[in-house]
Amino acid sequence: MRLSVLPCALLLAASSLAAQQDEIRERIVAPGFTRITIAIPDAKAGGGTSTLAKEMVETIRADLDFSGFFDVLSPTLYGMIDTSPSRGNVQNGVPYQAWQEIGAAAVAFTEVGLAGGKLDVQAMVHDAPTKTLVLARRYGGSQDAVRRVAHQIADDIVRQFTGSPGIALSRIAFVSGHKDAKEVYLMDYDGQRIRRITSSGVLNLSPAWSPDARKIAFVSWRGNRPGIQVLDDTGKSIRVKTVGGELTSAPEWSPDGRRLVYNSTVDGNSEIYVSDAESGRSTRLTRSPAIDTSPSYSPNGREIAFTSDRGGSPQIYLMDAEGLNVRRVSFGSSYCDSPAWSPDGSKLAYAARHDGRFDVVVLDVATGKVERLTHGEGNNENPRWSPDGRHLAFSSSRTGSYDIYTMQADGSSVRRHTKGGDAFMPDWR
């Protein structure tokens, strides 16, 4: 599943630009930062690559716009650029002043060709205010990997300007109906390239990415009884040894990828267990007459968030990774479920019922402050964070049937990624 498109050449920007690059990063990551306006002209296309070049540039533009760090300057303005040397505004072959005059703070040039039937792509990114080349890299891959090459370029641009990894190469796993079954699907983060990865013809639920994005754990009714399966990037599927029970569900990985936490009714009541991924040895963590379910490890592995009705209604609780120090953290709603930690461990997203419908809310773990991100547009459930913590995926019935949506972490820029309904339980890695 994890297919890497690796750069073919090293970063060429000189080390002497380090101070200027740090200045750029400070500008974009500071509180209340203003998005950097970037121009991405059409790529120069070598023989027979015009269609590939168009797809690549359109993908880069969309990736950078989605990132939240950039505003992509409208291509309709690019024809205004004056490259005449007589103006004295061309340095290093780039008319920096002209680009700034139409609002561009950065410019990304690309060139697409073929070498031995494979893609040969060059990307050069300039910072207009400092009049410097900040990124020059060459990429290769098969012709059908043009979108992945584009995603890699976008991620490299994000890293160059922010110092943080981008998410254009990330993917979302989710569940959707197929004939009489529920199967696990994958799609690119932007809803493109949807493909089915299970073909069992039974009920499959709750896909969960491993930390290295090389495996997906999920619940499957193969054998007429729910159990946890793990599918790796070779397509091999194995059944994880658990304590059994009539209902085994909601697997989630530990941050080191060595354990799976889940819930089981093996003792007649839904309790939370943790299983060693290699030996299959399970340890029981909760002992309550209530229903405990939907466990989720904190990014540092020290705590587990979960849903429990031990207080009378389903709410979000935290406990130490060993099952000790249980405390309730959700208040203000009669029903809360499906907690998910932000990548930095500071927040929990979950679904909370308001006026008979579920909405996505985010809890600041340190302060207890809750922010409601959706507001009654159908049911909004199963929130899961993007790898950079700046976005959330969730399922919503706002159009009448369930589909997968994403939004920024403040609830803005909601985008629908599946169409046709019956898509739910996303997980993003």
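Residues numbered from 1 in each chain as written. Predicted model: local features only at pLDDT ≥ 70, side-chain atom pairs only at ≥ 80, totals over all residues. Heavy atoms only, no water.

Caption draft 1: Looking closely at the overall build of the chain. Check the secondary structure of the chain and you find four helices and 30 strands. The globule rule puts the C-alpha radius of gyration for 429 residues at 22 Å, and the 24 Å found for the chain is close to it. Considering only C-alpha atoms, the chain reaches an extent of 85 × 50 × 45 Å along its principal axes. Going through the 429 residues of the chain one by one, you find that 51% of them count as buried. Expressed as a percentage of contacts within the chain between residues at least 6 apart in sequence, the contacts between residues at least 24 apart total 42%. Total accessible area on the chain stands at roughly 18,900 Å², and carbon and sulfur atoms take up 48% of it. When the 49 basic and 49 acidic side-chain charges of the chain are each reduced to a single mean position, those positions are 3 Å apart. (Helix = DSSP H or I, 4+ residues; strand = E, 2+ residues; numbered from the N terminus. Rg over C-alpha atoms; globule rule 2.2 N^0.38 Å. Buried < 20%, exposed > 50% of the residue type's maximum accessible area, 1.4 Å probe, protein only. Contact = heavy atoms within 4.5 Å. Areas by Shrake-Rupley, 256 points an atom, 1.4 Å probe, with all protein chains shown as cover. Lys, Arg positive; Asp, Glu negative; His and termini not counted. Charge placed at Lys NZ, Arg CZ, Asp CG, Glu CD.)

Caption draft 2: How the structure looks around the pattern of salt bridges. Evaluation of the coordinates by the stated rule reveals 21 salt bridges. Of the charged contacts, one joins Arg 384 and Glu 252 as a salt bridge, the two residues approaching to 4.0 Å between their closest N and O atoms. Here Arg 384 is found in strand E26 (residues 380-385), whereas its partner Glu 252 is found in strand E14 (residues 248-253), with 132 residues between them in sequence. Across the pair, exposure class does not vary: Arg 384 and Glu 252 are buried alike. (Salt bridge = Lys/Arg side-chain N within 4 Å of Asp/Glu carboxyl O.)

Caption draft 3: Fine view of the layout of surface pockets. Estimated volume of the largest pocket: approximately 640 Å³. Around the largest pocket, the lining comprises 30 residues; the ones closest to its centre are Ser 294, Asp 337, Ser 338, Asn 382 and Met 425. Within the lining of the largest pocket, the residues separate by chemical class into 16 nonpolar, nine polar and five charged. Looking at the second largest pocket, its volume works out to about 470 Å³. Every residue lining the second largest pocket is counted, 21 residues in all, and those nearest its centre are Tyr 297, Pro 299, Trp 341, Pro 343 and Arg 429. Of all elements in the fold, only E14, strand E18 (292-297), strand E22 (336-341), E26 and strand E30 (423-428) reach the threshold of two or more residues within the lining of the second largest pocket. (1 Å grid on protein atoms, 1.4 Å probe; cavity = no way out; pocket = protein on both sides within 12 Å on 5 of 7 lines; lining within 4 Å. Points joined across faces, edges and corners; volume = space filled by probe spheres on them. Nonpolar A, V, L, I, M, F, W, Y, C, P; charged D, E, K, R; others polar.)

Caption draft 4: Highlighting the environment of Val 134. Turning to its location among the elements, Val 134 is positioned in strand E6 (residues 132-141). Val 134 gets classed as buried once you look at its relative accessible area, which sits at 1%. Separated by 10 residues in sequence, Val 134 and Met 124 place their C-alpha atoms 7.8 Å apart.

Caption draft 5: Structural view of the side chain of Ser 296. Within the secondary structure, Ser 296 sits in strand E18. If we skip the residues at most four places from it in the chain, Ser 296 touches Glu 252, Glu 303, Ile 304, Ala 305, Pro 339, Ala 340 and Trp 341.

Caption draft 6: Region of the structure containing the packing of helix H2 (residues 50-67) against helix H4 (residues 146-162). Running from N to C, H2 and H4 cross one another at 40 degrees; their axes reach a closest spacing of 8 Å. In terms of orientation, H2 and H4 fall into the oblique class. Here the hand of the crossing between H2 and H4 comes out right-handed. Counted together, Leu 52, Glu 55, Met 56, Thr 59, Ile 60, Asp 63, Leu 64 and Ser 67 of H2 and Val 146, Arg 147, Val 149, Ala 150, His 151, Ile 153, Ala 154, Ile 157 and Val 158 of H4 form the full contact between these two elements. The residue makeup of the contact of H2 with H4, split by class, is 11 nonpolar, three polar and three charged. (Axes fitted to C-alpha atoms, helices over the stretch in contact; angles between N-to-C directions. Parallel < 35°, antiparallel > 145°, perpendicular 65-115°, else oblique. Left-handed = near helix turned anticlockwise from the far one by under 90°.)

Caption draft 7: Spotlight on the sheet that holds strand E24 (residues 357-364). Ordered in space as E22-E23-E24-E25, the four strands form an open sheet in which the pairing is antiparallel. Pairing within the sheet leaves two strands with one partner each, and these edge strands are E22 and strand E25 (370-372). Between one strand axis and the next, the sheet turns through 30 degrees on average, direction left out of account. Bridging between strand E23 (residues 347-354) and E24 involves eight bridges; their strand directions are antiparallel. If you follow Lys 347 over to E24, its bridge partner there is Asp 364. (Pairing = 2+ DSSP bridges.)

Caption draft 8: The arrangement of the sheet that holds strand E27 (residues 391-396) in detail. Strand order in this open sheet of four strands is E26-E27-E28-E29, and the pairing throughout is antiparallel. Strands with a single pairing partner mark the edges of an open sheet, and in this sheet they are E26 and strand E29 (415-416). Summarising the sheet, strand E28 (residues 403-408) and E29 pair through two bridges and their orientation is antiparallel. Considered in E29, the bridge of Thr 406 is made with Arg 415.

Caption draft 9: Broad picture of the packing of aromatic side chains. Taken as a whole, this structure holds nine aromatic pairs when the rule is applied. Ring geometry for Tyr 262 and Tyr 273: centres 5.9 Å apart, planes at 20 degrees, overall stacked. Taken together, the residues Tyr 262 in strand E15 (residues 259-264) and Tyr 273 in strand E16 (residues 271-276) connect sequence positions 11 residues apart. Taken individually, Tyr 262 and Tyr 273 each receive the classification buried, so the pair is uniform in this respect. The structure contains a cluster of three or more aromatic residues connected by ring pairs, namely Tyr 78, Trp 99 and Phe 109. One residue, Arg 310, lies across the ring of Tyr 317, its end atom 5.6 Å from the ring centre. Positioned above the aromatic ring of Phe 69, the side-chain terminus of Arg 390 is 4.0 Å from the ring centre. (Phe/Tyr/Trp six-rings, centres within 6.5 Å; stacked < 30°, edge-to-face > 60°. Lys NZ or Arg CZ within 6 Å of the ring centre and 35° of its normal.)

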